[in-house]
Amino acid sequence: MKVWPALRSRRVAVLLLVAFVAYAALSTIRPGEDFSKPYGSPLFLGLIGWLTLSTAACAWERTSLALRLGRGMRRTDESTARRLASAPQRRVNLLPVVDASSVLDEVTRALKCEGLRIETADRLIHGRAGEWTLWASPVFHWSLAALVVVISLGQLTRSEGFIALPLGERIPDAHESYMVVDEGRWFHERHTGLSLEMVKLDRTYSRGGVNYGPTPLVAAYRNGVEVRRTWIHPNNPLRIGALMAHYADYGPAVVVGLERQGAGEFGRATIPLDRSMNTSSGTTAEEIELTATGNPADSVKVRIQVPVTRGPVNEAPATSRAIVETASVGSPDFGAAIVISEGEALDLPGGQRLRIIEVKDWVRVSAVTDWSVPVIYGLLVLAIASLATAVLGSARRVSVMLVADESGQAIHAATWHSRRSSGFAERVAGILSEAATQEEK
Amino acid sequence: MSLTVEIALMWSAIMVYALSSVLFAVGAVFESRKVMAAGLWIAIVGLGAHTMAFGVRWVRVGHAPFLGFYEVVSAYAWATVAALVLFALLRPRFRALGTVMMPVALLVLGASMLADKTDEIAGGTLASWWLTVHVMFAKLSYSSFIIAFALAVIYLVRSSAGGGGRAKTILDRLPSQEVLDDLSYRAAAVGLILLAIMIAAGAIWANEAWGRYWGWDPIETWSLVTWLVYAVYVHLRLTLGWRGKRSAWILVGALPLVAFSYVVVPVVYNSIHGAYIKGMK
């Protein structure tokens with residue numbers, strides 16, 4: 001099968017569109033929650049690839065056609081005049097009493113009222129309008145093809161994931177900061193290098209009469225300098241460069257410090273906890289393994305929860321306390337739960353101590369790095385504008401010539417409309433008839 | 001203002017739409033232009049009651065009718081009647097479209113009245129001016145598609161009746177089959193553009209609200225499917241010369257797809273997108 005004719009074929013293009021419709025419709029009938037999965041299949045990618053090539057081929061063809069038609073519209077040479085004289089689309093005889101010299105003036109005036117730009121030469125009038133609309137269809141098809149390419153490249157170079165932002169801690173936008181992250185095949189961990197910090201959490205944030213509930217104020221830093229600060233809520237993400245951060249959830253976080261007897265604090269960690277309806281405390285319990293001595297025998301499993309209040313202030317930490325259970329590594333049994341307040345410590349085996357340094361808020365933000373979004377928006381606008389122009393706009397041309405032959409004086413005319421509108425030809429015929437005040441031959 | 005007033009106005013609109021539908025049907029059967037004209041004016045009265053009902057609700061809930069099955073579906077009924085009234089006033093010869101569009105509006109409004117009418121608050125993700133843009137173009141595109149549908153139905157009915165062989169019938173007073181065919185194409189083409197704007201506005205809004213412009217959510221997918229069906233129609237017409245009956249049958253078949261995409265899919269599928277029609281509860 002020859003490739004170029006297949007790509008250019010309108011029937012094939014229609015069949016591809018129908019195949020796309022069928023695939024998309026059938027894909028929504030599958031059970032399960034991951035509606036996007038079918039669109040990563042080789043079958044779909046092949047279909048989209050072929051459709052894109054077909055669209056590009058169509059765009060190429062339409063570009064050539066627009067060039068050709070545009071040149072044709074502007075042509076006012078002798079060949080046009082000869083064709084009009086010998087084989088017009090329409091001939092209207094002038095009444096003998098009609099002043100021939102005024103006929104062309106009358107026709108010119110009427111055609112200008114139709115919105116046509118007029119060029120006159122001797123006994124010949126050329127009128128044209130809307131040439132620019134000839135480019136609408138190629139622009140539309142090129143923008144569609146470009147849209148698929150940009151979307152594809154965007155998906156391959158995109159990163160999307162969740163970052164935990166404990167209050168007052170500056171977290172870099174880097175691979176290791178993400179709790180879970182999905183990176184495109186060509187992303188190569190090229191994060192923005194910005195740092196994010198939750199400055200404040202307002203549990204009853206309102207704006208414009210809308211209560212958004214718990215809303216974080218997040219600041220972005222570049223090289224240590226704050227570059228933006230935004231209250232993040234639905235429809236108001238933090239946006240800087242290719243990074244967009246949306247607020248996802250909040251909860252209590254525990255800052256724990258591990259101390260070694262006689263040596264002070266060995267290290268600290270911030271443990272974010274998710275709010276949970278399934279526990280008595282109100283949060284999930286996180287398990288971590290700790291050792292300050294470096295001796296595996298001294299390792300301890302620690303399970304931490306934070307009691308939260310449920311009520312009008314949206315599940316704030318009840319008090320600055322944590323519920324802690326400990327177990328030796330290798331043992332499945334945790335000891336009794338102990339409640340520890342901020343500043344207090346729990347003795348662990350091996351001369352270690354676990355101190356609850358702080359109980360505070362944290363938020364989970366969804367961070368997306370995608371350079372292609374503004375480009376996609378631009379292509380969408382271009383595609384829609386060109387589609388509207390292609391469908392609703394029209395290019396029109398009229399050529400009118402005054403001739404004198406054995407039958408008498410007459411007007412010869414030729415019209416062309418890009419959408420083959422019979423209405424335009426009828427209106428021009430009406431103009432000619434009125435100017436000639438003569439039944440057409 | 002109370003829900004009671006709103007519901008009373010809605011039921012008034014239903015009764016008036018029913019009367020209008022009957023008048024259009026009687027006018028078509030007995031070939032009476034006066035009866036059809038009465039049907040149109042009665043439809044305008046019903047549209048007034050329907051609009052007042054929306055106004056009462058808007059004042060109470062603080063947003064236009066775009067949340068919950070009741071609001072969304074009754075808004076489509078309103079758009080149907082508004083499209084008919086506008087088209088028929090601009091082109092009086094097309095009053096006969098009411099024989100198709102008024103029964104559709106009546107059924108759609110009746111269906112909406114069976115739904116829960118609890119007030120829905122537009123908060124969170126829905127608190128955005130993109131909602132107005134997105135919903136407005138959804139209604140406008142639907143209006144264009146139903147005009148195209150009605151013109152196509154009339155075309156097919158007249159074709160099966162002999163293409164206007166009988167003189168002095170209501171259908172014969174409509175413009176020629178070629179004009180009907182051309183107008184139905186233009187209405188569908190305008191709908192295609194408006195639907196493209198709706199989809200694009202939805203994608204931009206989704207990115208603002210959820211951080212992704214497209215997720216193959218069934219509602220998004222079926223909107224795209226609908227757009228592609230009309231794109232296929234335009235291709236078939238412009239590049240392969242499909243006109244007349246073939247063109248009309250595609251438009252008749254496409255409108256149920258529009259209804260399925262706009263109303264049924266959000267109800268059937270569980271997705272974040274469907275909250276607007278299932279309610280925010």
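Structural notes, computed from the coordinates. (Residues numbered from 1 in each chain as written. Chains lettered and ligands numbered in written order. Predicted model: local features only at pLDDT ≥ 70, side-chain atom pairs only at ≥ 80, totals over all residues. Heavy atoms only, no water.)

## Things to note about the overall build of chain B
Put simply, the test is: Secondary structure elements are defined from DSSP: runs of H or I of at least 4 residues count as helices, runs of E of at least 2 residues count as strands, and each element is numbered from the N terminus. Only the C-alpha atoms count toward the radius of gyration. The rule for a globule is 2.2 Å times the residue count to the power 0.38. For every residue, the accessible area (1.4 Å probe, protein chains only) is compared with the maximum for its type, and the residue is labelled buried under 20%, exposed over 50%, or partly exposed between those bounds. Contact criterion: two residues are considered in contact whenever any of their non-hydrogen atoms come within 4.5 Å of each other. Note on areas: these come from Shrake-Rupley sampling with a 1.4 Å probe, and a residue is covered only by the protein chains present in the view. His is not counted, nor are the chain ends, whereas Lys and Arg count as positive and Asp and Glu as negative. In plain terms, the charge of a residue is placed at NZ if it is Lys, CZ if Arg, CG if Asp and CD if Glu.
Each helix and strand counted, chain B has nine helices and zero strands in total. Each helix and strand of chain B, ordered N terminal to C terminal, gives the series α-α-α-α-α-α-α-α-α. Taking 2.2 N^0.38 as the reference for a compact globule, 281 residues should give roughly 19 Å; the C-alpha atoms of chain B span a radius of gyration of 19 Å, in line with that estimate. Dimensions of chain B, computed from C-alpha atoms along their principal axes, come out at roughly 60 × 50 × 30 Å. Buried positions account for 61% of the 281 residues belonging to chain B. For chain B, long-range pairs separated by at least 24 residues make up 79% of all intrachain contacts whose partners lie at least 6 apart in sequence. If you sum the accessible surface of chain B, you get close to 11000 Å²; carbon and sulfur atoms cover 72% of it. Once the 21 positive and 13 negative side-chain charges of chain B are each reduced to a mean point, those two points are 11 Å apart.

## Notes on the nonpolar core
Counted only if it meets this: Grouping buried Ala, Val, Leu, Ile, Met, Phe, Trp, Tyr and Cys residues that are joined through side-chain atoms within 4.5 Å yields what is termed a nonpolar core.
Grouped together as the largest cluster of nonpolar side chains are 138 residues, with contacts concentrated most on A:F20, B:L97, B:W227 and B:Y262. If we skip the residues at most four places from it in the chain, B:L97 touches B:L84, B:F87, B:A150, B:L151 and B:I154. Among the nonpolar cores identified, the runner-up in size contains 23 residues, and A:V103, A:L104, A:A129 and A:V400 belong to it.

## Looking at the sheet that holds strand β14 (residues 300-305) of chain A
Residue and element names in this part refer to chain A. Short version of the rule: Whether two strands pair depends on DSSP finding at least two bridges between them. Fitted lines through C-alpha atoms serve as axes, helices being fitted only where they are in contact, and the angles separating the N-to-C directions of these axes extend from 0 to 180 degrees.
Spatially, four strands are ordered β13-β14-β15-β16 in an open sheet, and the strand pairing comes out antiparallel. The open sheet terminates on both sides in strands that have one partner only, identified here as β13 (286-290) and β16 (338-341). Neighbouring strand axes in the sheet, compared pairwise and without regard to direction, differ in orientation by 35° on average. Across six bridges, the pairing between β14 and strand β15 (residues 321-328) is antiparallel. Among the inter-strand pairings, I304 is bridged to a residue of β15, identified as V324.

## As for the pattern of salt bridges
Residues and elements named next belong to chain A. Put simply, the rule reads: Counted as salt bridges are all cases of a side-chain nitrogen of Lys or Arg within 4 Å of a carboxyl oxygen of Asp or Glu.
Using the criterion set out here, one finds 34 salt bridges over all chains in the structure. Between D370 and R158 there is a salt bridge; the shortest N-O distance is 2.9 Å. In this pair, D370 sits in the loop between β18 (352-369) and α7 (373-392) while R158 sits in the loop between α6 (136-156) and β4 (159-166), placing the two residues 212 residues apart along the sequence. Overall, D370 belongs to the buried group, its relative accessible area being 4%. The closest approach of N and O atoms between D347 and R353, which form a salt bridge, is 2.8 Å. The exposure class of D347 is exposed, given its relative accessible area of 56%. What makes R353 partly exposed here is its relative accessible area of 32%. Where salt bridges share partners, they join R74, R117, E119, R128 and E131 into one cluster.

## Here we look at the packing of aromatic side chains
How we decide: Any Phe, Tyr or Trp ring, taking Trp's six-membered ring, that has another such ring centre within 6.5 Å forms a pair; planes under 30 degrees apart are called stacked, those over 60 apart edge-to-face, and the others tilted. Counting as a charge over the ring demands two things of the Lys NZ or Arg CZ atom: a distance within 6 Å of the ring centre and an angle within 35 degrees of the ring normal.
The tally for this structure, following the rule as stated, stands at 17 aromatic pairs over all chains. Each ring, one from A:Y39 and one from B:W216, has its centre 3.6 Å from the other, and the planes form 5°; the classification is stacked. Of the two residues, A:Y39 is situated in the loop between α2 (10-27) and α3 (42-74) and B:W216 in the loop between α6 (177-210) and α7 (218-240); the pairing between them involves two chains. Residue class for B:W216 comes out buried when judged on its relative accessible area of 16%. Ring-pair connections join several aromatic residues into one group, and the members of that group are A:F20, A:Y23, A:Y39, A:F44, B:W214 and B:W216. When the ring centre of A:F334 is taken as origin, the NZ or CZ atom of A:R303, which lies over that ring, is 4.0 Å away. The ring of B:W242 carries the charged tip of B:R246 above its face, separated from the ring centre by 4.4 Å.

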